[in-house]
Amino acid sequence: ETSKKYPVVYVMDSQEYFLQAIAYQKMLRFQNYSPEFIVIGIITDRRQRRKLLYDDSEKFTYFLKNELVPYIDANLRTLKEQIRIYFGWEMAGGFGLELFGENESIFSDFIIASPSHISEKRVNSIRDVLNSDSFNINSIYISMAAEESFLETEFKTLSAIFENHKMINLTPSFKVFEDEVHYT
């Protein structure tokens, strides 16, 4: 169908996770549990991740908002802001929380795994956006492994923030995986 439009999943650190997103889609499509979707992989240089996703995150946010996402929406048949999903692990997870905390987020849904670099600024921006009237995010899923004790305090803080700001149009989900590790 030439007029059909698709959700888009933006996969950070796609040098590691792109193939998982493709396999996930194929399996769920085979079982009719998911619509077809476009997977966009964003490769990050291991040596530049901290600068890109934390120190200079405003520049990277600008690139996503003003260059990459508009380019994808203009050149592919996307559902645009209706369903635009962000996936990030570790530092990219922390960056995803920063994107969530923007009043006009470019993503409708977030999948965040083992987020790190959860600064007070990022936590406060999440609180602010949850208190705002212009909230436009559908869901957020945040997970961590039980052995990631270095993430536990921030994970509990985020969980409490979302618990205290129940919203009709937002579905938050928090999951601690007991039998997993940081890299699974």
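Note: the structure precedes this text.
Everything numeric here is computed off the predicted structure, so don't read it as measured data. Along each chain, numbering runs from 1 in the same order as the chain's sequence is written. It should be noted that, the model being predicted, local features are given only for residues of pLDDT at least 70 and side-chain atom pairs only at 80 or more, the latter also being counted only at that level, while totals for whole chains, interfaces and linings use all residues. Hydrogens and waters are ignored; side-chain quantities use all the structure's heavy atoms.

**Q** Tell me about the overall build of the protein, and please be specific about residues and values.
**A** When helices and strands are counted, the protein shows six helices and six strands. The way it works is that DSSP assigns letters per residue, a run of H or I at least four long becomes a helix, a run of E at least two long becomes a strand, and they are numbered from the N terminus. Walking the protein from its N terminus toward its C terminus, one meets helices and strands in the order β-α-β-α-α-β-α-β-α-β-α-β. Counting only C-alpha atoms and orienting by the principal axes, one finds that the protein spans roughly 50 × 40 × 35 Å. Accessibility here uses a 1.4 Å probe with only protein chains present; expressed as a share of the type maximum, an area under 20% marks a residue as buried, one over 50% as exposed, and anything in between as partly exposed. Residues classed as buried in the protein amount to 47% of the 184 residues present. Only heavy atoms matter for contacts: two residues are in contact if any of them lie within 4.5 Å across the pair. Residue pairs at least 24 apart in sequence account for 78% of intrachain contacts in the protein once pairs closer than 6 positions are excluded. Under the convention used here, Asp and Glu are negative, Lys and Arg are positive, and both His and the chain ends fall outside the count. Every charge is mapped onto a representative atom, which is NZ of Lys, CZ of Arg, CG of Asp or CD of Glu. Computed over 20 positive and 27 negative side-chain charges, the separation of the two mean positions in the protein equals 5 Å.

**Q** Describe the packing of helix α5 (residues 120–131) against helix α6 (residues 152–164), and please don't skip the residues or the numbers.
**A** Any two packed helices are characterised by how steeply their axes cross, that is the angle between the axes, and by the distance between the axes. Only the stretch in contact is used when fitting a helix axis, every axis being a line fitted to C-alpha atoms; angles between N-to-C directions are given from 0 to 180 degrees. For the pair α5 and α6, the least separation of the axes is 10 Å and the interaxial angle reads 10°. With respect to each other, α5 and α6 are oriented roughly parallel. Contacts from Val123, Ile126, Arg127 and Leu130 of α5 reach α6 at Thr157, Leu158, Ile161 and Phe162. A per-class count over the contact of α5 with α6 returns six nonpolar, one polar and one charged. Angular relationships are summarised with four words: roughly parallel below 35 degrees, roughly antiparallel beyond 145, roughly perpendicular across 65 to 115, and oblique for the angles in between. Note on residue categories: nonpolar means Ala, Val, Leu, Ile, Met, Phe, Trp, Tyr, Cys or Pro, charged means Asp, Glu, Lys or Arg, and polar means any other residue, Gly included.

**Q** Describe in detail the environment of Gly41, supporting the description with residues and values.
**A** With respect to the helices and strands, the residue Gly41 is situated in strand β2 (residues 38–42). Of the residues examined, Gly41 reaches a relative accessible area of 35% and is grouped as partly exposed. Taking the C-alpha atoms as reference points, Gly41 and Glu16, separated by 25 residues in sequence, lie 9.7 Å from one another. Beyond its immediate stretch of four places on either side in the chain, Gly41 contacts Val11, Ser14 and Phe18.

**Q** Tell me about helix α3 (residues 57–75), and please be specific about residues and values.
**A** The span you would expect from a helix comes to 1.5 Å times its residue count less one. In this model, α3 (19 residues) spans 25 Å end to end at C-alpha, consistent with the 27 Å of a helix rising 1.5 Å per residue. Fitting axes to the seven residues that end at a residue and to the seven that start at it, the angle between those axes gives the bend at that residue. The largest bend in α3 amounts to roughly 40° and is located at Leu64. Residues of α3 that are buried: Ser57, Phe60, Thr61, Leu64, Leu68, Val69, Ile72 and Asp73. Against the buried residues of α3 lie β1 (8–12), β2, α2 (49–55), β3 (84–89), α4 (91–100) and α5.

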